[in-house]
Amino acid sequence: MRVTIDQDKCCGAGSCVLSAPEVFDQREEDGIVLLLDAEPPAALHDAVHEAAAICPAAAITVEQTEQAERV
Amino acid sequence: MTTTERIAREQDTGPDTGRSPVAVPAARAAGCPFDPAPEIARAHREEPITRATLWDGSSCWLVTRHQDVREVLGDPRFSADATRPGFPFLTAGGRQFATGNPSFIRQDDPEHARLRRMLTADFMVKKMAAMRPEVQRIADGLLDRMTEGRQAADLVAEFALPLPSLVICLLLGVPYDDHEFFQKCSSVLLSLRSSVEQVRVAQEELQDFLSRLAESKRRAPDDGIVSRLVARGELDNAAIASMGRLLLVAGHETTANMTALSTLTLLRNPDQLARLRAEPSLITGAVEELLRYLTIVHNGLPRIADEDVTIGGRTIRAGEGVLCVLNTANRDEEIFPGGAALDVGRDARRHVAFGFGVHQCLGQPLARVELQIALETLLRRLPGLRLDIPFEDIPFRHDMGIYGVHALPVAW
Ligand code: SF4
C-alpha cells in the first residue's frame, strides 16, 4: 500500500489521526495533515482505508501496490 | 411514468412524494423524538433527492442519502455563500443570522480556507487530548456541585451546558462570568422562532462584546484563541469578533445538546446503557454511534449550486439551493445496516454528524473529548441515574437549529 496526502486540500479536523495515528499526524503550527508512514504495514491497512474514506476533504489517496497485494 | 404505472407504484409505496414537495423544517412524529421527520424519512426511501418548500414559499432540493450528501458537501461547485440569491434558509431569522456579518462557515475557498487555517492548530487532536485532565476536572467539579446534598437536578442547566461552556470560554479567553449573556444570545441565534429583529439584536450585542474583548486582549494578551488571533495582526476586531462568535455559539449549543440527548437516549435504551457501563472502553465508539444516531444538526446543511451538477442521477441547476439532510444520511441502510437502532458496539465512524467537505466541523476533536468524558463520568459516578419526569413531558428542541432537550430533569 502506498499513501499520499494533499496538504493543500486538508481542512485539518483530524479524523485521519483518530483512525490511524501511526500513519497520520497534524502539523504543530497549523493542524494540517502530516504523513508519518507512506507504506504502512498490512496490519494498518484497514485503518488507513477508513481514514481515506472519512477524510472530508479527499486529501488522502491510497494506492494498492503489488507488494501489498501479495501480503 | 404512465397513470397505470403511477397507481401501481402508489399502491406499492404510498403516494408519490415527487409530486408534492416536502415542507421543511418538517415535524417529527409524536412519540418518535429521536427519529427523522416521517416525510423526510419517506423521501429518503422513495425519492432520495426530492423537492422541498421553505417558509417563504421558495423551493430547493433535499438530498437525503449518505453517498449523495457526501458528494454535495465535498464538491466545491456547491457554494456555502449565503449571500447568493437562491440560497436556502429555514426561517427569516436564519437568513439574518447567515448574512449579517457572516463567519467563514458561510464563505467559500480560498477566503474560507485562509480564515479556517488560522484556527486549525487550536483544535488539533493532540491539543485536545492534552486538555483531557482539565475537562475531567471541570466535569467532576460540576457533578460534585450538582449532587451535593441533593437527589435530583436539571442535567442540562447543571452539567451538559456548563461543561462545554466553561471549556470554550477557557480556550477562547472569554470571561465565564458573562455566560448568561452569551448563552442567551446563542439560543436566540439558533432558535427557529426568533424574529429578524431579535436575531439582529443578539448578533450585534455579541459582536460588540467580542470586539471589545479583542480590543482588551490587544492591551492585555493571554494565551487564549482571541489573543492569538489579535497577535497574528491579520484581522481587525470585527473580523476576530465574527470568528469568536462562531466558536462561542458552536461550542455552546452542540456538545451541550449531544450530552443531554445522549444521556436521555441511553436511559431509554437500558440494554445499551448496561453494555456501556459493563465495558467502559466502548465509550469512544459509543460517542460516534450517538453522534450518528442523534445527528443534532437536524434540519439540513444548506448549499447553492454554482453550475449544473449531476448528483445521484439528478441534475441540480446552477443557482438552485440544496439542503443536505444529515439525519437520514446517518441512518442510510447501505452504510449503517439496522441504522434505525442504537448500537454502542457499532463502527459508526462514517457518520456525517459533523458535516462533510472542507466545512466539516473544526471543533470535532474537542467535541469528542468533551462527550467521552462527560458521558463516562456521568455513568460511572451516578449508577442510579434515571429520569425524574415522564418521558412524554420532556421538552424537545423541535424549535431549534440544533436538536436536543431544553431541560432534562434527572434523579439518582
Ligand atoms: S482527515 Fe483529511 S482533512 Fe482531516 S486532517 Fe486528515 S487529511 Fe486533513
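Residues numbered from 1 in each chain as written. Chains lettered and ligands numbered in written order. Predicted model: local features only at pLDDT ≥ 70, side-chain atom pairs only at ≥ 80, totals over all residues. Heavy atoms only, no water.

Topic: the sheet that holds strand E11 (residues 409-411) of chain B
Residues and elements named next belong to chain B. Pairing is antiparallel in the open sheet, where three strands are placed in the order E5-E11-E10. If you trace the sheet from one side to the other, it starts and ends with strand E5 (152-154) and strand E10 (386-387), each paired once. Note that E5 and E11 share three bridges and pair antiparallel. The partner of Asp154 across the bridge, within E11, is Pro409. (Pairing = 2+ DSSP bridges. Helix = DSSP H or I, 4+ residues; strand = E, 2+ residues; numbered from the N terminus.)

Brief notes about the confidence of the model for chain B
Residue and element names in this part refer to chain B. On average, chain B scores 92 in pLDDT, and the residues at 70 or more come to 95%. Per-residue pLDDT stays below 50 along residues 1-18; that stretch engages in 18 contacts with residues further than four places along the chain or on separate chains. Among the prediction metrics, the complex's ipTM stands at 0.91, with pTM recorded as 0.93. (pLDDT = per-residue confidence, 0-100. Contact = heavy atoms within 4.5 Å.)

Notes on the interface of chain A and chain B
Counting from both sides, the interface comprises 26 residues of chain A and, opposite them, 19 residues of chain B. Taken together, the two surfaces of chain A and chain B that pack against each other cover about 1800 Å², and 50% of this comes from carbon and sulfur. Joining chain A to chain B, the criterion identifies two salt bridges. At the boundary of chain A with chain B, the tally comes to eleven residue pairs in polar contact (both at pLDDT 80 or more). The element that contributes the greatest number of residues to the side of chain A that touches chain B is helix H1 (residues 15-19) of chain A, accounting for four residues. Along the lines of polarity and charge, the residues of the side of chain A that touches chain B split into eleven nonpolar, seven polar and eight charged. (Buried area = accessible area lost by both parts, 1.4 Å probe. Salt bridge = Lys/Arg side-chain N within 4 Å of Asp/Glu carboxyl O. Polar contact = N/O pair within 3.5 Å; in protein donor to acceptor, adjacent residues only side chain to side chain. Nonpolar A, V, L, I, M, F, W, Y, C, P; charged D, E, K, R; others polar.)

Some points on empty space enclosed by the protein
Residues and elements named next belong to chain A. The final tally for this structure, using the stated rule, is two cavities of 30 Å³ or more. In this structure, the second largest cavity spans a volume of roughly 130 Å³. Residue lining of the second largest cavity: 15 residues in total, with Cys10, Gly12, Gly14, Cys16 and Cys55 positioned closest to the centre. Per-class residue counts for the lining of the second largest cavity are nine nonpolar, six polar and no charged. (1 Å grid on protein atoms, 1.4 Å probe; cavity = no way out; pocket = protein on both sides within 12 Å on 5 of 7 lines; lining within 4 Å. Points joined across faces, edges and corners; volume = space filled by probe spheres on them.)

Here we look at the packing of aromatic side chains
Aromatic rings considered in pairs are described by the distance between their centres and by the relative angle of their planes. Residues and elements named next belong to chain B. Evaluation of the coordinates by the stated rule reveals eight aromatic pairs over all chains. Ring centres of Phe87 and Phe89 lie 5.3 Å apart, and the angle between their planes is 50 degrees; this geometry places the pair in the tilted category. Comparing Phe87 with Phe89 shows no difference in burial state: the two are buried. An aromatic cluster of at least three residues, connected via ring pairs, comprises Phe34, Tyr293, Phe391, Phe396 and Tyr403. Seen from the ring of Tyr403, Arg28 lies directly overhead, with NZ or CZ sitting 3.6 Å from the centre. Positioned above the aromatic ring of Phe336 is the side chain of Arg292, whose terminal nitrogen or guanidinium carbon lies 5.2 Å from the ring centre. (Phe/Tyr/Trp six-rings, centres within 6.5 Å; stacked < 30°, edge-to-face > 60°. Buried < 20%, exposed > 50% of the residue type's maximum accessible area, 1.4 Å probe, protein only. Lys NZ or Arg CZ within 6 Å of the ring centre and 35° of its normal.)

Comments concerning the sheet that holds strand E3 (residues 59-63) of chain B
Residue and element names in this part refer to chain B. Taking strand neighbours across the sheet as the criterion, the six strands line up as E1-E2-E3-E9-E6-E4 in an open arrangement whose pairing is mixed. At either end of the open sheet lies a strand with only one pairing partner, and these are strand E1 (22-23) and strand E4 (78-79). In this sheet, strand E2 (residues 49-53) lies alongside E1 in parallel orientation, the contact comprising two bridges. Paired with Ala23 across the two strands is Thr53, which belongs to E2. Packing against the sheet, helix H3 (residues 66-74) makes contact with E2, E3, E4, strand E6 (301-305) and strand E9 (321-324), and its axis sits at approximately 125 degrees to E9. (Axes fitted to C-alpha atoms, helices over the stretch in contact; angles between N-to-C directions.)

Points about the environment of Ala157 of chain B
All names here are of chain B. Take Ala157: it is sitting in helix H8 (residues 155-160). Judged by relative accessible area, which is 48%, Ala157 ranks as partly exposed. Considered as a pair, Ala157 and Pro409 are 252 residues apart in the sequence and their alpha carbons are 9.5 Å apart.

With respect to the pattern of salt bridges
Residues and elements named next belong to chain B. Enumeration according to the criterion identifies 34 salt bridges over all chains in this entry. Measuring nitrogen to oxygen at the nearest pair gives 3.0 Å for the salt bridge that ties Asp140 to Arg381. Placement of the pair is Asp140 in helix H7 (residues 132-147) and Arg381 in helix H17 (residues 364-381), with a sequence separation of 241 residues. According to the relative accessible area criterion, Arg381 is partly exposed, its value standing at 27%. For Glu288, the salt bridge goes to Arg368, with nearest N and O atoms at 2.7 Å. Here Glu288 is found in helix H15 (residues 283-294), whereas its partner Arg368 is found in helix H17, with 80 residues between them in sequence. For the pair Glu288 and Arg368, one class covers both residues: buried.

Observations concerning the nonpolar core
In terms of nonpolar packing, the biggest core is built from 92 residues, with Phe159, Leu206, Leu261, Leu264, Phe396, Val405 and Leu408 of chain B touching the most fellow members. Sorting elements by how many residues they give to this core places helix H13 (residues 237-268) of chain B first, with 13 residues. For Phe396 of chain B, the residues in contact, after removing those within four places along its chain, are Pro33, Phe34, Leu261, Leu264, Phe391, Tyr403, Gly404, Val405 and His406 of chain B. Of all hydrophobic cores here, the second largest spans 20 residues; its members include Phe24, Val33, Ala51 and Cys55 of chain A. (Core = buried A, V, L, I, M, F, W, Y, C linked by side-chain atoms within 4.5 Å.)

Some words on the side chain of Ser103 of chain B
Residues and elements named next belong to chain B. Tracing the backbone through its elements, the reader meets Ser103 in the loop between helix H4 (92-99) and helix H5 (111-116). Judged by its relative accessible area of 8%, Ser103 falls in the buried class. Once residues lying within four places of it in the same chain are set aside, the contact partners of Ser103 are Ser242, Arg245 and Leu246.

Some thoughts on the site of the ligand
Residues and elements named next belong to chain A. Every one of the 13 residues lining the ligand counts as a neighbour, but Cys10, Cys11, Gly14, Cys16 and Cys55 are closest to it. Mapping the ligand onto the cavity grids shows that it belongs to the second largest cavity. Of the residues that constitute the shell around the ligand, the class distribution is ten nonpolar, three polar and no charged. (Near = heavy atom within 4 Å. Sits in = over half its atoms within 2 Å of the grid points.)

Some remarks on the packing of helix H11 (residues 196-219) of chain B against helix H12 (residues 225-232) of chain B
Two packed helices can be described by the angle between their axes and the distance between those axes. All names here are of chain B. Where H11 meets H12, the axes come as close as 9 Å, and the angle between the chain directions of the two elements is 70 degrees. Taken together, H11 and H12 sit at an angle that is classed as roughly perpendicular. Listed contacts from H12 to Leu213, Ala214, Lys217 and Arg218 of H11 are Val226, Ser227 and Val230. Residue classes in the contact of H11 with H12 are distributed as four nonpolar, one polar and two charged. (Parallel < 35°, antiparallel > 145°, perpendicular 65-115°, else oblique.)

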